[in-house]
Amino acid sequence: MRPSRALAVAAVAAAFVGSLLLGDVKLSILVGVVAVAIAALGLDLLVARAGELSLAHAALLGIGAFTTINAGDRGWPWPLAIGAGIAVTAAAATIAGLPSLRIRGLQVAITTLAFQVFAEAFLFSRDDVTAAGRTLDRPAMLEGDVQLFLFSVACLALVLLVRRRVGVTKSGRAFGAVRDVEARAVCFGIVPGSTKLLAYALSGAIVGLAGGVLAMKAGSISAKDPFLLLESLQLVAIVVVGGAGSAAGIVTAAVLVKALPQFYSTIPIVDLRADRVVPIVSAALLVLAIVAEPQGIGALYRAIGRVADRVLRPGGARAAPEPRPRFVDLAAATGHAGALRDVPRDLRLQMPVRALLETTEVRVQYGGIIAIENVSIEVRRGEIVGLIGANGAGKSTLFHAVSGLAPATGSIRYRGVELVGAPPSRRSALGVARTFQDMGLVRADTVRENVLLAQTWLAPTPAGVSILGLGTSVNEERELRRRADLALELFGLAHLADERLGDLPYGTMRTVEIASAVAAGPDLLLLDEATAGLGPDESHALGDRMLALRDVLGVTLVVIEHHVPVISRVCDYVYCLESGVQIAEGSPAHVIAQPQVVESFLGRTEAARGGVDR
Amino acid sequence: MVARVVTGLAAGSAYAIVAVGVVLIFKCSKVLSVAQGEIGAFGFFLGLRWADRGIPGVGWHISRFGTLVVAVVVGALIGLVLERFVIRPLVSRPPLDALIATLGIALFLALLEKEMFGTATQFAPSPVGQWKVEVLGATLTSSRVVAIFAVVVVAVAAWLFFSRTKFGLAVLGTTGDPTVARLLGVPVNRVYRFTWVVAGALSGLAAALLGSAFGGITPFDMTRLALSALAGAVIGGLDSIGGAIAGSLAIGVVEAVVGGAFDTAGTPAVAVLVLVVATLLLRPRGLFGTEGAA
């Protein structure tokens, strides 16, 4: 167990035991606290993982509780009743999340708010919904308070397990990608819409379980206070004060906010009514936690954990990450290379065409602006083709057109197959991979997770199934990890696999992005300004790597480049764009010598003066 | 039916006053504040307390009109403090952070009101005396007439401010890109402060109107009412003041008409949910909003 987690368990246990010994508290009250903790963990899954804020979670908690009671009253066995609560709440959460398919951020939060108000005013005012007068008989097995408490803790443990599964399977990576790089996630084979709805459904299922626990505790519920807007806001407060993403912090916050007021009617020293003061203080803490630094109690635990680590294991502490990856000779790793390229593909594609990629009169128009027009390029197998031009010339737009992120007309044929109209994930599956000018990866995730993310389309099992670890998903995950480790080793990144991507130096992040694209085993790799922001030495090393990618891995490359030395050294053929149209093509030396290329690419005035300072 | 529409317009007017504040803040700093109900409610409750028991230390009992003034002034002061210490540090952060902060503010103020003023419904006599008028078959109490009158004043004032004053232009200039506005010499921090102070004052006005026109309010009521205002602003377009007024009036009317047409409790909330979701799905920027509202 990590020190931070051990600390959280110890703190919560101490709070519970202390309250039982000191305060006049019944164990059954703690069951309610655990239920709130579970609901907060469900909300956190949505907030921290998927980046969606729901203000309807108290209403969902109510839906879970009332459904369980209704089912129990009809004579369903209690596990089935709880299952019904989970299923109905998951469905309700999915419905509440439907607007997120079209709108995002603040507006989704508003619609969930409207959902909360609707549930309060409409659903919870109906006797058939709130199960008025109905009771759920607690089974003999859970009759005693101790059994009930242990049951609630078992439910909490189950939720922690589910969260862990989400963290180590493709579902968690997909949530992160949709949160941080939604428009690009499609290239990895992720469908943003169903991914978001899965997050809502999963979050709803967890809250439904919390509602089930409340129903088991109470038997029948007449007061609707725990399901009103105020409580929705308090759930948000618990998540933020606890620290989004930190289960330990959130459980602690739930105990502090919910249990303290019940344990102590007065705080002995200052003589304040705790049941009144604590909610106000928690609201103030919510504001403070957001303004100061949105890390919460979880960050506190981590800090203490780091200190404990240092004290307990002197010398055994993890070495700081090396600032720059070692340069690995790709040529020495031919065996690995072959393994990475071994991706099953549709055999009908193996047509004897000369060009791997051939675009004919491609045109991309955004509203009234024509980004590129009449662009016709040809890339042969095993070539490195350069794409040059000033900023705004349409180079990245051409990449978007090829990878399916921009609406293109004309013809883009890859291995003789028409790509125009094909969804981005299909293009990935055909063997087209790309990098982005400003990085299309999730900085909050580790290096390995990002490399796994890029291979999502290689694992066809749905994300929801992968959480349960059913069917072929375990084997798929193992295979993805094998490929990821191979790719990381090839790029000299193996020692950084568990570092957070955002903590690494910029140049290393760029290398990770190329490694993740290569891990998906592409035949055609599009590199968008891979050397941007790198120093001359790093650029030279990257040039070597491009050559190795082609010579050893057999990957065909199209590179957008600004560094003339790199272009001259690695490219077989170069196209130059200006204002969306092609103005020159040929060998690097030939293109770079053209006067209109010099003027466009290197700058008008400098060219006129005969001086070039790049 | 016509009577219901007129009653709905009166409620919608109170929403609209809150909504103008919400839009003013959103236009400039892209912060969506859900605290705009509770800010004014706090001032209103304080004013009532002072009318009832006198100002502590001084002992003056303020008048009925004084309650309204206290609500407006206290609302503005709360806006001033919040802008400086909570919102300004959050402007460059992801928009959800500021939204959560305003949620915390609403929660904090509501709980503080409960603690200080109790949970009972609080009602203020109308600041302009008790009388009634007949409009199109609907009986309007004096407070409701004041609410409708107030929204007209707010709308005209907003129009004059943005079209006739230099500072109004500066506020509009901040809406596009704060960095660019700053480079052009717009005092951006003063604009932010201004929007929060005005929105706070409007919130106080709305609380005083609702507290006297619609059977009084309880702590946290205003947050719920602010949601109707928020719904109105979203429907009208989050960066259009005219749109927010129109949207809020529409919400008021729909709530009154739907509430009158069905016996089932909560049907107005269903109508609002449907209206908000349908508007956002069909036109994410709202009816009168620009690209920035989406």
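Predicted model only: the values in this text are computed from it and were never measured.

Caption draft 1: Representation of the overall build of chain B. When its secondary structure is counted, chain B shows 11 helices and 2 strands. Scanning chain B from its N terminus toward the C terminus, one meets helices and strands in the order α-α-α-α-β-β-α-α-α-α-α-α-α. In terms of overall dimensions, chain B is globule-like: its C-alpha atoms have a radius of gyration of 19 Å, near the 19 Å expected for 294 residues. With the principal axes as the frame, chain B shows a C-alpha extent of 55 × 50 × 35 Å. Within chain B, buried positions represent 56% of all 294 residues.

Caption draft 2: Region of the structure containing the interface of chain A and chain B. Contacts between the two partners involve 35 residues from chain A and, on the opposite side, 38 residues from chain B. Within the residue set of the side of chain A that touches chain B, elements represented by two or more residues are helix 5 (106–121), helix 10 (229–242) and helix 12 (274–292) of chain A. Considering only residue class, the side of chain A that touches chain B consists of 28 nonpolar, 5 polar and 2 charged.

Caption draft 3: The arrangement of the sheet that holds strand 11 (residues 556–560) of chain A in detail. Residues and elements named next belong to chain A. Here we have 6 strands laid out as an open sheet, ordered 9-10-11-6-12-13, and mixed in their pairing. Among the strands making up the open sheet, the edge pair consists of strand 9 (432–434) and strand 13 (581–586). Taken over all neighbouring pairs, the strand axes of this sheet differ in orientation by 20° on average, direction set aside. The pairing of strand 9 with strand 10 (residues 524–528) spans 3 bridges and is classified as parallel. Across the sheet, Ala433 pairs through a bridge with Leu525, a residue of strand 10. Its contacts with the sheet place helix 15 (residues 395–403) against strand 6 (384–388), strand 9, strand 10, strand 11 and strand 12 (573–578), and it is angled at close to 150° to strand 10. Lying over the sheet, helix 21 (residues 536–551) contacts strand 6, strand 10 and strand 11, oriented at roughly 155° with respect to strand 11.

Caption draft 4: Expanded view of helix 2 (residues 36–53) of chain B. Across its 18 residues, helix 2 of chain B extends 27 Å between first and last C-alpha, which sits within 8% of the 26 Å expected from 1.5 Å per residue. Counting buried positions over the 18 residues of helix 2 of chain B gives 14, a clear majority of the element.

Caption draft 5: How the structure looks around helix 20 (residues 506–519) of chain A. Residues and elements named next belong to chain A. Helix length check: helix 20, at 14 residues, gives a terminal C-alpha distance of 20 Å against a target of 20 Å (1.5 Å per residue), a fit within 8%. Within helix 20, 12 of the 14 residues are buried, which leaves the element mostly enclosed by the surrounding structure. Among the residues of helix 20, Gly507, Thr508, Arg510, Thr511, Val512, Glu513, Ile514, Ala515, Ser516, Ala517, Val518 and Ala519 are the ones counted as buried. Once helix 20 finishes, Gly521 follows within two positions and takes phi at roughly 65°, a positive value.

Caption draft 6: Structural context of the domain arrangement of chain A. Residues and elements named next belong to chain A. Segmenting chain A into domains produces domain 1 (25–251) and domain 2 (330–609). Between domain 1 and domain 2, the C-alpha centre-to-centre distance is 41 Å. Of the residues lining the interface, 21 residues belong to domain 1; the matching set on domain 2 comes to 25 residues. Mapped onto the side of domain 1 that touches domain 2, the elements with two or more residues apiece are helix 7 (145–168), helix 8 (170–185) and helix 9 (192–218). Of the residues forming the side of domain 1 that touches domain 2, the biggest block, 10 residues, is contributed by helix 8. Within the side of domain 1 that touches domain 2, the residues separate by chemical class into 11 nonpolar, 5 polar and 5 charged.

Caption draft 7: Expanded view of the pairing of strand 11 of chain A. Residues and elements named next belong to chain A. The element strand 11 is extensively covered by neighbouring structure, given that 5 of its 5 residues are classed as buried. Burial of the side chains of strand 11 extends over both faces: Thr556, Val558 and Ile560 are buried on one face and Leu557 and Val559 on the other. With 5 bridges joining them, strand 10 and strand 11 adopt parallel strand pairing. Directly across from Leu526, in strand 11, lies its bridge partner Val558. For the segment spanning strand 10, helix 21 and strand 11, crossover handedness is right-handed.

Caption draft 8: Representation of the environment of A:Ile377. Residues and elements named next belong to chain A. With respect to the helices, strands and loops of the structure, Ile377 is situated in the loop between strand 4 (369–375) and strand 5 (378–380). Spatially, the C-alpha atom of Ile377 lies 35 Å from that of Leu501, the residues being 124 residues apart in sequence. Among all residues touching Ile377, those that are not within four sequence positions of it are Thr359 and Tyr575.

Caption draft 9: Structural detail: the confidence of the model for chain A. Residues and elements named next belong to chain A. With 86% of its residues at a pLDDT of 70 or more, chain A shows a mean pLDDT of 83. Of all the helices and strands in chain A, helix 25 (residues 604–609) carries the lowest mean pLDDT, 49, while helix 4 (residues 78–97) carries the highest, 95. Contacts for the low-pLDDT stretch residues 321–329, under 50 throughout, to residues beyond four places or in other chains number 20 contacts. Contacts of residues 607–614 to residues separated by more than four positions or lying in other chains number 9 contacts, the stretch itself having pLDDT below 50.

Caption draft 10: Region of interest: the nonpolar core. In this structure, A:Ile38 and B:Val20 are the most contacted members of the largest nonpolar core, which totals 307 residues. Here this core gathers at least three residues from each of two domains, domain 1 (25–251) and domain 2 (330–609) of chain A.

Caption draft 11: Structural context of the pairing of strand 7 (residues 408–414) of chain A. Residues and elements named next belong to chain A. Pairing geometry for strand 3 (residues 355–366) and strand 7, over 6 bridges, is antiparallel. Looking at strand 7, one finds that Arg363 is bridged to Thr409. As consecutive antiparallel partners, strand 7 and strand 8 (residues 417–418) are separated by 2 residues, and within that stretch Arg415 has a phi angle of approximately 50°, a positive value.

Criteria and thresholds
- Residues numbered from 1 in each chain as written.
- Chains lettered and ligands numbered in written order.
- Predicted model: local features only at pLDDT ≥ 70, side-chain atom pairs only at ≥ 80, totals over all residues.
- Helix = DSSP H or I, 4+ residues; strand = E, 2+ residues; numbered from the N terminus.
- Rg over C-alpha atoms; globule rule 2.2 N^0.38 Å.
- Buried ≥ 20, exposed ≤ 12 C-beta atoms within 10 Å, placed from the backbone.
- Contact = placed C-beta atoms within 7 Å.
- Nonpolar A, V, L, I, M, F, W, Y, C, P; charged D, E, K, R; others polar.
- Pairing = 2+ DSSP bridges.
- Axes fitted to C-alpha atoms, helices over the stretch in contact; angles between N-to-C directions.
- Expected span 1.5 Å × (residues − 1).
- Domains from an automatic or database assignment.
- Right-handed = clockwise from strand over helix to strand, strands pointing away.
- pLDDT = per-residue confidence, 0-100.
- Core = buried A, V, L, I, M, F, W, Y, C linked by C-beta atoms within 7 Å.

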